[in-house]
Amino acid sequence: VEEQRARWERKRSRTARELLETEHKYLEQLDLMVTFFVKILKAKGTLKPAVLENIFGPLESIYSASHVLSLHLERGNLGPGLESFCQNLELYGYYAENLEQADKTLKEQLKKNKSFRRFKKLQETRPQFQGMRLEDLLPLPLQRLHQYKHFLRDLLENTSPGNAEHQNLAKAVKSVSEVSQWVQDITHKRENSFQLLRVQKLLKGRKTQILTPGRWYIREGWLLVVPSKGEELKRRMCFLFSDIFIATKPCHPLHPMNSNKLACQAVYPLHQCVVDKVFGHTQSQGGLLSLSFPHQTLLLMSSDQQDINDWYRSLTAAVR
């Protein structure tokens, strides 16, 4: 038991030291943004307050919370440090929600605001930046949130339940995990919106509406559609979403407007679909899937075994 306790203590001390060292490094990077951008831009009035807020969100508050945490860690007050830090964790969620807007506003300002463009370039050439740009620094709080989760879990695992700090650590792990999940959901939604928009732009015309609330993009790829009347196989670019399956074909390469677009051939709603593997169970070359709908059956084929298995899994999960 004594040996186990000593082992725990060693691991715990090492993690606490690593947390403090990386916190210092993180603070330095936040300081670059706050000192050389936020504060100077406020003083100079190069950007309107609303634009500044759009780019940096609650960055100054995140910096203050981190500064307080590092002071507690330096004094070895892990419990009180985490308690005060957890009260400010929501800031990371708000920061994540704002990040897309921040990116958009930053690009807009660089395009149309000459004095800001010059100012940014000048600040980034300072030796403290070590070649980093503002675009590299802005996502750092979300990367740090991910690191907090791992550090705090390690600390909790190596703290005996009898230790006074165990309860504070358990609370902190719960809080960080909840905010991490919030941030992850925001990221997923953002990626999904990007994919839906991308597919919408790929399709010729506006007849097929891809951008629908609640729809999730799952996958895409080339598959062979087997016609019912013994005609030759048709190669189709297929898209799978949470509620529909779409088969498309490329527009004519010489078309003046749509040479790089896809024409939608059919949209299949998944709510009444039954998916079966016709062949492809063995280590044969590729396989054949059957998608049965109330009024028709769609046969999909691929010569790649792995590919057809992946499609089968994705389709089955989507239908379920």
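In this text the structure is predicted, and so the values were computed from the model without any measurement. Every chain begins its residue count from 1, and numbering advances along the sequence as written. At least 70 in pLDDT is required for a residue's local features to be given in this predicted model, at least 80 for side-chain atom pairs to be given and counted, and no such filter applies to totals for whole chains, interfaces and linings, which use all residues. Where side-chain values are given, they derive from all heavy atoms of the structure, hydrogens and water being excluded.

**Some remarks on a negative patch on the surface**
A patch consists of residues exposed above 30% relative accessible area that lack any salt bridge, with like charges linked at up to 9 Å and nonpolar side chains (Val, Leu, Ile, Met, Phe, Trp, Tyr) linked at up to 5 Å. Each accessible area is a Shrake-Rupley result for a 1.4 Å probe, and residues are judged covered by the shown protein chains and nothing else. The working definition used for a salt bridge is a side-chain nitrogen of Lys or Arg within 4 Å of a carboxyl oxygen of Asp or Glu. When charges are counted, neither His nor the chain ends are considered; positive counts come from Lys and Arg and negative counts from Asp and Glu. Just so you know, the charge point we use is NZ for Lys, CZ for Arg, CG for Asp and CD for Glu. The grouping of Glu18, Glu21, Asp154 and Glu157 at the surface amounts to a negative patch. For the negative patch, the secondary-structure elements that each account for two or more residues are helix H1 (2-44) and helix H8 (140-157). Following the sequence through the fold, Glu157 ends up in helix H8. Each residue's exposure class comes from its accessible area (1.4 Å probe, protein chains only) as a fraction of the maximum for that residue type: buried when under 20%, exposed when over 50%, partly exposed otherwise. Overall, Glu157 belongs to the exposed group, its relative accessible area being 57%. The helix and strand labels rest on DSSP assignments: H or I over at least four residues marks a helix, E over at least two residues marks a strand, and numbering proceeds from the N terminus.

**Things to note about the pattern of salt bridges**
With the rule as written, the count across this model stands at 17 salt bridges. Residues Asp136 and Arg133 are paired through a salt bridge, measuring 4.0 Å at the closest nitrogen-oxygen approach. Judged by its relative accessible area of 36%, Asp136 falls in the partly exposed class. Through salt bridges with shared partners, a single network forms among Lys120, Glu124, Arg133, Glu135 and Asp136.

**Considerations on the side chain of Asp307**
Mapping Asp307 onto the fold places it in helix H10 (residues 305-319). We define a polar contact as two N or O atoms separated by no more than 3.5 Å, with the added condition that, inside protein, one atom must be a possible hydrogen donor and the other a possible acceptor, whereas residues neighbouring each other in sequence contribute only through side-chain atom pairs. Of note is the side chain of Asp307, whose polar atom sits 3.5 Å from the side chain of Arg219. Polar side-chain contacts of Asp307 include one of 3.3 Å to the side chain of Ser302.

**Details of helix H9 (residues 166-202)**
Counted at 1.5 Å a residue, the expected span for H9 with its 37 residues is 54 Å, and the 53 Å between its end C-alpha atoms agrees. Residues of H9 that are buried include every one of Leu169, Ala172, Val173, Val176, Val179, Ser180, Val183, Ile186, Asn192, Leu196, Val199 and Gln200, and no others. In this structure, the buried residues of H9 make contact with H1, helix H4 (78-86), helix H5 (90-112), H8, strand S1 (217-226) and strand S2 (234-241). To estimate the expected span of a helix, subtract one from its residue number and multiply by 1.5 Å. Contact between two residues is taken to exist if any of their heavy atoms lie within 4.5 Å; hydrogens are not considered.

**Side note on the state of the cysteines**
Count a disulfide wherever a pair of cysteine sulfur atoms falls within 2.5 Å. Applying the stated criterion across every chain, the model contains zero disulfides. Free cysteine: Cys238, not disulfide-bonded; nearest cysteine sulfur from Cys264 at 10 Å. The class of Cys238 is buried, set by a relative accessible area of 0%.

**So, unusual backbone geometry**
Of note, the phi angle at Gln130 is positive, near 45 degrees, even though the residue is not glycine. Within the secondary structure, Gln130 sits in the loop between helix H6 (114-124) and helix H7 (134-137).

**Points about the pairing of S2**
Counting buried positions over the eight residues of S2 gives six, a clear majority of the element. Strand pairing requires that DSSP identify at least two bridges connecting the strands. Bridge count for S1 against S2 is eight bridges, and the pairing is antiparallel. Considered in S2, the bridge of Val225 is made with Lys234. Examined bridge by bridge, S2 and strand S3 (residues 244-250) share four bridges and lie antiparallel to one another. For Cys238, the partnering residue across the bridge sits in S3 and is Ala247.

**What about the side chain of Lys120?**
Mapped onto the secondary structure, Lys120 falls in helix H6. Look past the residues within four positions of Lys120 in its chain and what remains in contact with it is Phe37, Leu110, Leu134 and Glu135.

**Quick word on the domain arrangement of the protein chain**
All domain edges in this entry derive from an automatic or database-based domain assignment. Domain assignment breaks the protein chain into domain 1 (1-200) and domain 2 (204-318). The straight-line distance from the C-alpha centre of domain 1 to that of domain 2 is 42 Å. Tallying the contact residues gives nine residues for domain 1 and eleven residues for domain 2. Across the interface of domain 1 and domain 2, roughly 990 Å² is buried in total on both sides, 62% from carbon and sulfur atoms. By the criterion of area lost to domain 2, the three top residues of domain 1 are Leu196, Val199 and Gln200, representing 61% of everything that side buries. Counting across the interface, domain 1 meets domain 2 through one salt bridge. For the pair domain 1 and domain 2, the number of links is six residue pairs in polar contact (both at pLDDT 80 or more). When residue character is reported, Ala, Val, Leu, Ile, Met, Phe, Trp, Tyr, Cys and Pro are called nonpolar, Asp, Glu, Lys and Arg charged, and the others, Gly included, polar. Residue composition of the side of domain 1 that touches domain 2, by class: three nonpolar, four polar and two charged. Summed over both partners, the accessible area (1.4 Å probe) lost when two parts come together is defined as the buried area.

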